[in-house]
Amino acid sequence: MDAQRILMGVVGRPHGVRGLVRVHSYAAVPADLASYGALSDDRGQSWTLSWRGEGIAALTDASGRTIADRDEAAKLVNRKLFVTRDRLPEPDEDEFYLADLVGMRAVERTEAGERSLGKVLAVHDYGAGPSLELEGGALVPFTRACVPDISVAENRLVVAMPDEMEVRDERNGDDPS
Amino acid sequence: MARSVWKGPFVDGYLLNKAEASRASGRNEVIKIWSRRSTILPQFVGLVFGVYNGHKFLPVQVNENMVGHKFGEFSPTRTFTGHSSDKKARRG
């Protein structure tokens, strides 16, 4: 993944005949997409976005010309919109952008030194706290106990793999496998 | 239909024993469980469970707001990872 450019949205189908388009925002708060200023697309063009309705936006190019024609808007369908990483505000303490965490090298401290655990493939959060998926399939809770040290500058984090305790009903077993 | 109140919450009994053992040990550990049907009780707050979703054990960090829900609610069996964009993760 290109760490400097972060995918923030995709241009959807045209809306109406005056050059408006639907924009699928991937931002945590979808409306925040307009607050990041100029967005670059996958062809290197720069666009400024202003919302005209829920999910509907007008796009202005780098020269200040706003798309005003449906045919022109139709040519922008599926354009990916990026923002550079340095434009994102600094996160609070103990908060990390998923874009920073994904791709980080994970290491485990051992008596002999450090052991590589591969890269962070994904960050999952299903309402019960985030967890990191590492290469090899290991899932690590994103807690201070399990991830004590994170260095965004070095693109590396230290993982203390938790002990695992299996719990199953000895009487009839609830493991379907 | 909601479960009758007089029955109390359902929880597989052996989970309680293991949760207490884990809390007493004070170690950094994940309690791997298959029991998605069990209700999260106040005794589980602060512990980390690995709840099986048919494929792997997803870590579930139990907090006060989760009491009364089932473990399975936090370990979806169908997943969509989405896009990272400007989303943030807070270290618990």
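Conventions used here
- Residues numbered from 1 in each chain as written.
- Chains lettered and ligands numbered in written order.
- Predicted model: local features only at pLDDT ≥ 70, side-chain atom pairs only at ≥ 80, totals over all residues.
- Heavy atoms only, no water.
- UniProt positions renumbered as here; feature names shortened; annotations may be inferred.
- Helix = DSSP H or I, 4+ residues; strand = E, 2+ residues; numbered from the N terminus.
- Expected span 1.5 Å × (residues − 1).
- Buried < 20%, exposed > 50% of the residue type's maximum accessible area, 1.4 Å probe, protein only.
- Arc of directions from axis to C-beta.
- Contact = heavy atoms within 4.5 Å.
- Pairing = 2+ DSSP bridges.
- Axes fitted to C-alpha atoms, helices over the stretch in contact; angles between N-to-C directions.
- Salt bridge = Lys/Arg side-chain N within 4 Å of Asp/Glu carboxyl O.
- Polar contact = N/O pair within 3.5 Å; in protein donor to acceptor, adjacent residues only side chain to side chain.
- Phe/Tyr/Trp six-rings, centres within 6.5 Å; stacked < 30°, edge-to-face > 60°.

- Per an unreviewed UniProt entry, the recorded name for chain B is Small ribosomal subunit protein uS19, and the organism is Lichenicola cladoniae.
- Listed under Sequence similarities (unreviewed entry) in UniProt, the entry text for chain B is "Belongs to the universal ribosomal protein uS19 family."

- Going by the annotation in an unreviewed UniProt entry, the name recorded for chain A is Ribosome maturation factor RimM, with Endosaccharibacter trunci given as the source organism.
- The UniProt entry for chain A carries this comment under Function (unreviewed entry): "An accessory protein needed during the final step in the assembly of 30S ribosomal subunit, possibly for assembly of the head region. Essential for efficient processing of 16S rRNA. May be needed both before and after RbfA during the maturation of 16S rRNA. It has affinity for free ribosomal 30S subunits but not for 70S ribosomes."

1. What about the UniProt feature "domain: RimM N-terminal" (unreviewed entry) in chain A?
Next up, step 1: In this structure's numbering, the residues bearing the UniProt feature "domain: RimM N-terminal" (unreviewed entry) are residues 8-86 of chain A.
Next up, step 2: A helix fraction of 6% and a strand fraction of 46% characterise residues 8-86 of chain A, whose end C-alpha atoms lie 14 Å from each other.

2. A short note on helix α1 (residues 13-25) of chain B
Next up, step 1: Helix length check: α1(B) (13 residues) gives 19 Å between terminal C-alpha atoms against 18 Å at 1.5 Å per residue, within 8%.
Next up, step 2: Along α1(B), the positions that sit buried rather than exposed are Tyr14(B), Leu15(B), Ala19(B) and Ser22(B). Buried residues of α1(B) fall within an arc of 135° about the axis and therefore sit on the same side. Turned more than 90 degrees away from the buried face of α1(B) sit Asn17(B), Glu20(B) and Ala24(B), all of them exposed.
Next up, step 3: Next to the buried residues of α1(B) lie β14 (163-167) of chain A together with β1 (29-33) and β2 (48-52) of chain B.
Next up, step 4: Following α1(B) by one or two positions, Gly26(B) has its phi on the positive side, about 70°.

3. Here we look at the UniProt feature "domain: Ribosome maturation factor RimM PRC barrel" (unreviewed entry) in chain A
Next up, step 1: UniProt records the feature "domain: Ribosome maturation factor RimM PRC barrel" (unreviewed entry) at residues 100-165 of chain A, using the numbering of this structure.
Next up, step 2: Taken end to end, residues 100-165 of chain A has its terminal C-alpha atoms 31 Å apart, with 3% of it in helix and 52% in strand.

4. Some words on the sheet that holds strand β11 (residues 139-141) of chain A
All names here are of chain A.
Next up, step 1: Judged by pairing direction, the sheet is mixed, and its 6 strands sit side by side in the order β11-β10-β9-β8-β13-β12 without closing on themselves. Where the open sheet ends on each side, the last strands, each with one partner, are β11 and β12 (149-151). Here the strands of the sheet are splayed against their neighbours by 35° on average, with no regard to which way each runs.
Next up, step 2: Two strands pair when backbone bridges link them, and strand β8 (residues 105-110) and strand β13 (residues 156-158) are joined in this way by 3 bridges, in the parallel orientation. Within β13, the position partnered with Ala106 by the bridge is Leu157.

5. Considerations on the pattern of salt bridges
Next up, step 1: Taken as a whole and assessed by the stated rule, the structure comprises 16 salt bridges over all chains.
Next up, step 2: The residue Asp61(A) makes a salt bridge to Arg65(A) at a minimum N-O spacing of 3.8 Å.
Next up, step 3: Where Lys56(B) meets Glu133(A), a salt bridge forms, and the shortest distance between an N and an O atom there is 3.5 Å. One end of the pair, Lys56(B), is in the loop between β2 and β3 (57-61); the other, Glu133(A), is in strand β10 (residues 131-134), on a second chain.

6. Let's talk about the side chain of Glu29(B)
Next up, step 1: Structurally, Glu29(B) is set in strand β1.
Next up, step 2: One polar contact links Glu29(B) to Ser22(B), side chain to side chain, over a distance of 2.9 Å.
Next up, step 3: Within polar-contact distance, the side chain of Glu29(B) engages the side chain of Arg27(B) at 3.0 Å.
Next up, step 4: Those residues within four positions of Glu29(B) in sequence are excluded, and the remaining contacts are Pro162(A), Asp163(A), Met165(A), Ser22(B) and Val48(B).

7. Observations regarding unusual backbone geometry
Next up, step 1: If you check the backbone angles, Asp94(A) has positive phi at about 70° while not being a glycine.
Next up, step 2: Counting through the fold element by element, Asp94(A) comes out in the loop between β6 (80-84) and β7 (95-97).
Next up, step 3: By relative accessible area, Asp94(A) is classed as buried at 15%.
Next up, step 4: In this structure, Ser85(B) is a non-glycine residue whose phi angle is positive, near 40°.
Next up, step 5: The topology assignment puts Ser85(B) in the loop between β3 and β4 (88-90).

8. Let's talk about the packing of aromatic side chains
All names here are of chain B.
Next up, step 1: Under the definition given, this model contains 7 aromatic pairs over all chains.
Next up, step 2: On the basis of an interplanar angle of 40° and a centroid distance of 5.7 Å, the ring pair of Phe44 and Phe71 is categorised as tilted. Pair noted here: Phe44 is in the loop between β1 and β2 and Phe71 is in the loop between β3 and β4, with a separation of 27 residues, a long-range link. Across the pair, Phe71 and Phe44 agree in class, each one buried.
Next up, step 3: Ring centres of Phe49 and Phe71 lie 4.7 Å apart, and the angle between their planes is 55°; this geometry places the pair in the tilted category.

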